[in-house]
Amino acid sequence: KQEVTQIPAALSVPEGENLVLNCSFTDSAIYNLQWFRQDPGKGLTSLLLIQSSQREQTSGRLNASLDKSSGRSTLYIAASQPGDSATYLCAVLSNFGNEKLTFGTGTRLTIIP
Amino acid sequence: SQTIHQWPATLVQPVGSPLSLECTVEGTSNPNLYWYRQAAGRGLQLLFYSVGIGQISSEVPQNLSASRPQDRQFILSSKKLLLSDSGFYLCASDRGGGGYTFGSGTRLTVV
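Only a predicted model underlies this, so the values are computations on that prediction, with no experimental measurement involved.

Caption draft 1: Here's a closer look at the sheet that holds strand S7 (residues 62-67) of chain A. Residues and elements named next belong to chain A. Strand order in this open sheet of five strands is S1-S3-S8-S7-S6, and the pairing throughout is antiparallel. Looking at which strands have only one partner, the edges of the open sheet turn out to be strand S1 (4-7) and strand S6 (56-59). For this sheet, the mean angle separating the axes of adjacent strands, direction not counted, is 15 degrees. Across four bridges, the pairing between S1 and strand S3 (residues 19-25) is antiparallel. Considered in S3, the bridge of Gln6 is made with Cys23.

Shown next as structure tokens:
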């Protein structure tokens, strides 16, 4: 059974700093890994999707990496802004049995102006 | 790109009343569709998924049911709500390995 862990559960950093969010998963047999953002009381917004054959994906100030062999992904946010404050979730689509998306419990990020 | 519409955004219902939440998808055909629930302070729990019209799989035993009457319509229902059904309900779709798209969610409070 796939398990996804995100550390830390919460993070506060001053505006302008670069930061890294971590995601680890227990089974490397995955199709892809997806990073989402969730604002309070809102739905999930997809940030980046990394296919299992890829090492990283970039979108603006965001860069996500994937190391399938070690079961890890990181989300790098450059030059953080107060608008980046949200909960960040990673989710893994496994390719064994009935493919299902397994979510981590999220990292609640607060950017301090 | 896919767009998911969910309504209503918020709902307050008394215990024992029925429920119907609707989700429709635009911008794709024959998607896989999902209903998730997010309880306060907890992660996302998959409730139902559907790979086609009339095909519903349930992930957890519960007081809820789902139906897919059309290719791009997914409905979450209950005949009699319980207090424990309160939560944030999210509809999602995917095209098989191309990433998931989520709706904006429905906040259900059972009183």
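There is more to say after this.
Caption draft 2: Quick look at unusual backbone geometry. A cis amide bond, omega 0 degrees, links Ile7(A) with the succeeding residue Pro8(A). Looking at where Pro8(A) falls in the secondary structure, it is placed in the loop between S1 and strand S2 (10-14). Here the amide bond leading from Trp7(B) into Pro8(B) is cis, since omega sits at -5 degrees, within 30 degrees of zero. Looking at where Pro8(B) falls in the secondary structure, it is placed in the loop between strand S1 (3-7) and strand S2 (10-13). Positive phi, normally seen in glycine, also occurs at Ala79(A), with a value near 45 degrees. Among the structural elements, Ala79(A) can be located in the loop between strand S8 (72-77) and strand S9 (86-94). One non-glycine residue, Asn30(B), lies in the positive phi region at around 50 degrees. The residue Asn30(B) is located in the loop between strand S3 (19-26) and strand S4 (32-38) in this model. Its relative accessible area of 51% is what places Asn30(B) among the exposed residues.

Caption draft 3: Looking closely at the sheet that holds strand S7 (residues 65-70) of chain B. Residues and elements named next belong to chain B. Across the sheet, four strands lie side by side as S1-S3-S8-S7; this open sheet has antiparallel pairing. The open sheet has two edge strands, S1 and S7, and neither has a second partner. On average, each strand axis in the sheet is inclined to that of its neighbour by 20 degrees, with strand direction left out of account.

Caption draft 4: Inspection of the nonpolar core at higher detail. Formed by 23 residues in total, the largest nonpolar core has its most connected members in Leu33(A), Trp35(A), Leu75(A) and Tyr88(A). For this core, the secondary-structure elements that each account for two or more residues are S3, strand S4 (30-38), strand S5 (44-51), S7, S8, S9 and strand S11 (107-112) of chain A. With near-sequence residues (within four places) excluded, Leu33(A) lies in contact with Cys23(A), Phe25(A), Leu48(A), Leu49(A), Ile50(A), Leu66(A), Ser73(A), Cys90(A), Ala91(A) and Val92(A). Core analysis: the next-biggest nonpolar cluster, separate from the first, contains 18 residues, Val25(B), Leu64(B), Leu76(B) and Val110(B) among them.

Caption draft 5: Fine view of the environment of Ser94(A). Assignment of secondary structure puts Ser94(A) in strand S9. A polar atom in the side chain of Ser94(A) sits 3.2 Å from the side chain of Gln2(A).

Caption draft 6: Representation of the interface of chain A and chain B within the structure. Taken together, the contact pairs 17 residues of chain A with 16 residues of chain B. Buried area between chain A and chain B, summed over both chains or domains, comes out near 1300 Å², and the portion from carbon and sulfur atoms is 57%. Counting across the interface, chain A meets chain B through three residue pairs in polar contact (both at pLDDT 80 or more). Every element with two or more residues in the side of chain A that touches chain B is listed here: S4, S5, S9 and strand S10 (101-103) of chain A. Here the residues of the side of chain A that touches chain B sort into seven nonpolar, eight polar and two charged.

Caption draft 7: Region of the structure containing the state of the cysteines. Applying the stated criterion across every chain yields a total of two disulfides over all chains. Paired through a disulfide, Cys23(A) and Cys90(A) show a sulfur-sulfur distance of 2.0 Å. The sign of the S-S torsion, about 70 degrees, decides the handedness of the disulfide formed by Cys23(A) and Cys90(A): right-handed. One end of the pair, Cys23(A), is in strand S3; the other, Cys90(A), is in strand S9, with 67 residues separating them in the sequence. Cys23(A) gets classed as buried once you look at its relative accessible area, which sits at 2%. The exposure class of Cys90(A) is buried, given its relative accessible area of 0%. With a sulfur-sulfur separation of 1.9 Å, Cys23(B) is cross-linked through a disulfide to Cys91(B). Negative torsions about the S-S bond denote left-handed disulfides, and the value of about -65 degrees found for Cys23(B) with Cys91(B) makes this one left-handed. You can see Cys23(B) sitting in strand S3 and its partner Cys91(B) sitting in strand S9 (residues 87-94), a full 68 residues away along the chain.

Parameters at a glance
- Residues numbered from 1 in each chain as written.
- Chains lettered and ligands numbered in written order.
- Predicted model: local features only at pLDDT ≥ 70, side-chain atom pairs only at ≥ 80, totals over all residues.
- Heavy atoms only, no water.
- Pairing = 2+ DSSP bridges.
- Helix = DSSP H or I, 4+ residues; strand = E, 2+ residues; numbered from the N terminus.
- Axes fitted to C-alpha atoms, helices over the stretch in contact; angles between N-to-C directions.
- Buried < 20%, exposed > 50% of the residue type's maximum accessible area, 1.4 Å probe, protein only.
- Core = buried A, V, L, I, M, F, W, Y, C linked by side-chain atoms within 4.5 Å.
- Contact = heavy atoms within 4.5 Å.
- Polar contact = N/O pair within 3.5 Å; in protein donor to acceptor, adjacent residues only side chain to side chain.
- Buried area = accessible area lost by both parts, 1.4 Å probe.
- Nonpolar A, V, L, I, M, F, W, Y, C, P; charged D, E, K, R; others polar.
- Disulfide = S-S within 2.5 Å.

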